[in-house]
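So you can see what is in the structure, the chains are spelled out below.
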Amino acid sequence: MPEYRAPLRDMSFVMNELLESEKLYQGLPGYEEATADLINAIVEEGAKFAEQELAPLNRVGDEEGCVWSEDGVKTPEGFAAAYSKYVENGWPALSASVEDGGQGMPNMVGLSMTEMVGSANWSWGMYPGLSHGAVNTIEAHGSPEQKEHFLTKLVSGEWTGTMCLTESHCGTDLGLLRTKAEPQADGSYSITGQKIFISAGEHDMTDNIVHIVLARLPDAPAGTGGISLFIVPKVNVKDDGSLGERNAVNCASIEEKMGIHGNATCVLNFDGATGYLIGPPNKGLNCMFTFMNTARIGTAIQGLAHMEQSYQGALAYAKDRLAMRSLTGPKNPDGPADPIIVHPDVRRMLLTQKALAEGSRAFIYFLAQQGDIVSNGSEEEAKQADDMMALLTPIAKAFMTELGFEAANHGVQVFGGHGFIREWGMEQIVRDARIAMLYEGTTGIQAMDLIGRKVLGSGGKLLMGFTGLIDTFCEENTAEEDAQFVAPLKALKDEWLGVSMQIGEAAMENPDCAGAAAVDYLMYSGYVTLAYFWARMAVIAREKIAEGDGDTSFYEGKLMTAQFYFERLLPRTESLKTTMLSGADNLMQMPEAMFDL
Ligand SMILES: Cc1cc2nc3c(=O)[nH]c(=O)nc-3n(C[C@H](O)[C@H](O)[C@H](O)COP(=O)(O)OP(=O)(O)OC[C@H]3O[C@@H](n4cnc5c(N)ncnc54)[C@H](O)[C@@H]3O)c2cc1C
């Protein structure tokens with residue numbers, strides 16, 4: 001298994017130098033305590049926890065998996081003990097609000113912990129990870145009583161949360177869901193139905209689990225307008241907050257699956273379980289979007305985690321493994337062969353992983369800061385940041401998970417045949433990474449959300465919010481040395497607006513043109529977005545080198561990686577542009593019957 005070391009230098013670069021967090025948080029009421037020193041200290045402690053407690057359990061989780069019995073689900077050896085330590089150290093409460101018992105740190109700081117936990121052991125990280133979504137949902141839509149009963153214990157980590165949407169016949173199209181909620185005389189609801197694929201749905205880490213469940217009230221209209229949202233605890237909670245009787249919700253089985261074996265993916269049966277309505281009746285899907293948006297950013301981090309994890313494994317191997325000689329003459333003349341890192345093709349894979357990981361880190365930490373502005377900024381700032389998140393969340397979720405999978409595959413390839421062998425741990429990363437493109441809305445669904453609801457649905461307004469940032473950056477950075485990054489970024493920004501209009505016009509003639517372009521458009525948008533962050537990082541690095549900053553090698557490495565990104569990855573936009581504008585006929589003209597021929 002590759003050893004995980006938290007990339008502290010790069011995380012600090014992103015948070016402090018690129019995103020100037022201290023300056024931002026000093027101006028956001030409630031976050032003034034988040035100085036650079038405090039953030040760095042928290043991240044360093046978090047790194048120790050991830051490296052020492054969680055990384056060693058990653059392989060154990062994969063090999064042992066979770067075990068179901070009628071008494072419940074046993075998580076892999078060491079998982080529950082690590083969770084207890086995590087709670088004792090106060091990590092679950094890091095970025096929850098102070099009123100709810102949290103430590104009130106910005107989301108960005110919480111996200112840095114999620115990155116390290118997830119890179120060390122994604123399956124383990126999903127148990128506390130889902131609780132964040134439950135906390136945000138109850139915070140945003142719960143009644144004072146519900147907050148009192150459920151929120152503090154979720155915030156402290158004493159209990160965990162789940163997200164119960166999917167049923168066997170529907171995952172994407174939640175309008176089809178059938179779970180029922182019957183009102184009871186005491187104001188509660190009786191929930192009946194079956195949910196499948198529920199992550200962390202049952203486990204042995206906590207005494208209680210708080211399920212956030214979508215269900216239909218009697219006589220609710222069909223479709224998404226007839227869905228309501230409920231809190232359903234695994235164990236009922238008495239008025240004084242203590243635990244009562246077991247509720248009628250049970251894990252019927254767990255799935256055998258391709259990866260993330262350490263996380264229990266559960267079939268949950270609700271047999272007249274007691275539930276409590278959150279938010280207005282029939283507006284459940286709107287309320288659940290609070291959970292889904294948290295989970296989408298969480299899943300984007302999964303992409304980053306696998307980029308980083310696979311890069312670290314591949315880099316160590318590439319320096320150590322000897323094969324053949326460098327094309328330009330021996331680099332290890334005293335040895336029988338050169339280390340494979342001398343070969344251009346191995347470097348192509350390593351630099352792809354590095355450029356994707358560092359670019360994605362900048363992107364997702366920026367997005368977390370936008371979340372902090374939404375919660376603690378002025379009304380106007382919050383509105384702008386909310387718009388920014390609306391546009392960028394589907395891009396982050398789908399682009400970063402697709403490329404997380406690509407990076408994981410490069411990791412296997414760098415190891416040659418050994419990458420395919422379990423012992424080295426690289427194939428586990430591929431298996432664990434694959435789910436990220438599926439759950440929390442598949443890539444195709446994120447792409448439709450981006451082009452349909454966000455870009456065309458806002459008449460381009462949301463897109464122009466972000467391209468406005470690119471314009472400002474390009475106007476402010478006119479130094480000749482930066483032109484290699486700024487000029488192509490500016491040209492691509494113009495092209496991005498242009499192709500969006502072209503797709504919009506084509507879709508007015510034939511709506512299938514939007515669906516046909518969607519995934520290519522999303523990936524194109526992802527590459528341009530990352531180009532913006534890479535250009536910003538390159539400018540800072542160039543300035544630091546000119547100032548003679550002591551850490552020159554780090555900044556030179558940044559500049560070289562930026563150059564690699566612009567010359568080797570960004571040109572992928574050219575083929576994406578061609579395919580996204582090729583129309584819908586090449587997909588739709590074939591009659592269904594001809595697929596069988
Ligand atoms: C390991 C694991 C963990 C999970 N965890 C959870 C969880 O905690 N909670 C939860 O509620 N769910 C969870 N899920 C469920 C997951 O979110 C769904 O599987 C996912 O949303 C896709 O739904 P589906 O499987 O029903 O696929 P379908 O909806 O049947 O989709 C099948 C294919 O059709 C495509 N498709 C569907 N409609 C369209 C369209 N209009 N346009 C273009 N393409 C379309 C999809 O993109 C996909 O490629 C989990 C799943 C797994 C495997």
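Scroll up to find the structure this text is about.
The structure presented is a predicted model; accordingly, all values stated were derived computationally and were not measured.

**Here's the deal with the pattern of salt bridges**
Side chains that differ in charge, positive against negative, can pair when their charged atoms come close. In this structure the tally under the stated criterion is 34 salt bridges. Among the ionic pairs, Asp 345 bridges to Arg 348, the shortest N-O distance being 2.6 Å. Of this pair, Asp 345 and Arg 348 both sit in helix H10 (residues 344-376), three residues apart, roughly one helical turn. Overall, Arg 348 belongs to the partly exposed group, its relative accessible area being 32%. A salt bridge links Glu 358 to Lys 558; its shortest N-O distance comes to 2.7 Å. Residue Glu 358 is found in helix H10, and its partner Lys 558 is found in helix H17 (residues 552-569); the two are separated by 200 residues along the sequence. For Glu 358, a relative accessible area of 10% corresponds to the buried category.

**A few points about the side chain of Asp 482**
The residue Asp 482 is located in the loop between helix H14 (461-476) and helix H15 (483-509) in this model. At a separation of 2.7 Å, a polar atom in the side chain of Asp 482 contacts the side chain of Arg 542. Asp 482 has contacts with Val 539 and Arg 542, leaving out every residue within four places of it along the chain.

**What to know about the packing of aromatic side chains**
Within the structure shown, the criterion is met by 25 aromatic pairs. Look at Phe 473 and Tyr 532: their rings are 5.9 Å apart centre to centre, the planes differ by 85°, and that puts the pair in the edge-to-face class. One end of the pair, Phe 473, is in helix H14; the other, Tyr 532, is in helix H16 (residues 512-547), and 59 residues separate them in sequence. Members of the aromatic cluster, connected to one another through ring pairs, are Phe 363, Phe 366, Phe 466, Phe 473, Trp 496, Tyr 532 and Phe 533.

**Some remarks on the nonpolar core**
Counting 164 residues, the largest nonpolar core has Trp 124, Ile 212, Ile 364, Tyr 365, Tyr 521 and Tyr 565 as its most contacted members. If one sorts the elements of this core by residue count, H16 sits on top with 19 residues. Apart from the residues lying within four places of it in its own chain, the contact partners of Tyr 565 are Ala 355, Gly 526, Tyr 527, Leu 530, Ala 531, Trp 534, Leu 570 and Pro 571. Ala 314, Ile 340, Phe 405 and Met 426 belong to the second largest nonpolar core, which has 19 residues in total.

**Here's the deal with H15**
The terminal C-alpha atoms of H15, which comprises 27 residues, lie 39 Å apart, in line with the 39 Å expected from a rise of 1.5 Å per residue. The set of residues buried in H15 consists of Phe 485, Val 486, Leu 489, Leu 492, Lys 493, Trp 496, Val 499, Ser 500, Ile 503, Gly 504 and Ala 507. As for H15, its buried residues are in contact with helix H11 (379-414), helix H13 (443-456), H14, H16, H17 and helix H18 (572-580).

**Here we look at the pairing of strand E9 (residues 243-246)**
Pairing between strand E8 (residues 235-237) and E9: two bridges, direction antiparallel. Of the residues in E9, the one forming a bridge with Val 237 is Leu 243. Counting the residues in the hairpin turn of E8 and E9 gives five residues, including Gly 241, whose phi is positive at 90°.

Scoring rules and cut-offs
Residues numbered from 1 in each chain as written. Predicted model: local features only at pLDDT ≥ 70, side-chain atom pairs only at ≥ 80, totals over all residues. Heavy atoms only, no water. Salt bridge = Lys/Arg side-chain N within 4 Å of Asp/Glu carboxyl O. Helix = DSSP H or I, 4+ residues; strand = E, 2+ residues; numbered from the N terminus. Buried < 20%, exposed > 50% of the residue type's maximum accessible area, 1.4 Å probe, protein only. Polar contact = N/O pair within 3.5 Å; in protein donor to acceptor, adjacent residues only side chain to side chain. Contact = heavy atoms within 4.5 Å. Phe/Tyr/Trp six-rings, centres within 6.5 Å; stacked < 30°, edge-to-face > 60°. Core = buried A, V, L, I, M, F, W, Y, C linked by side-chain atoms within 4.5 Å. Expected span 1.5 Å × (residues − 1). Pairing = 2+ DSSP bridges.

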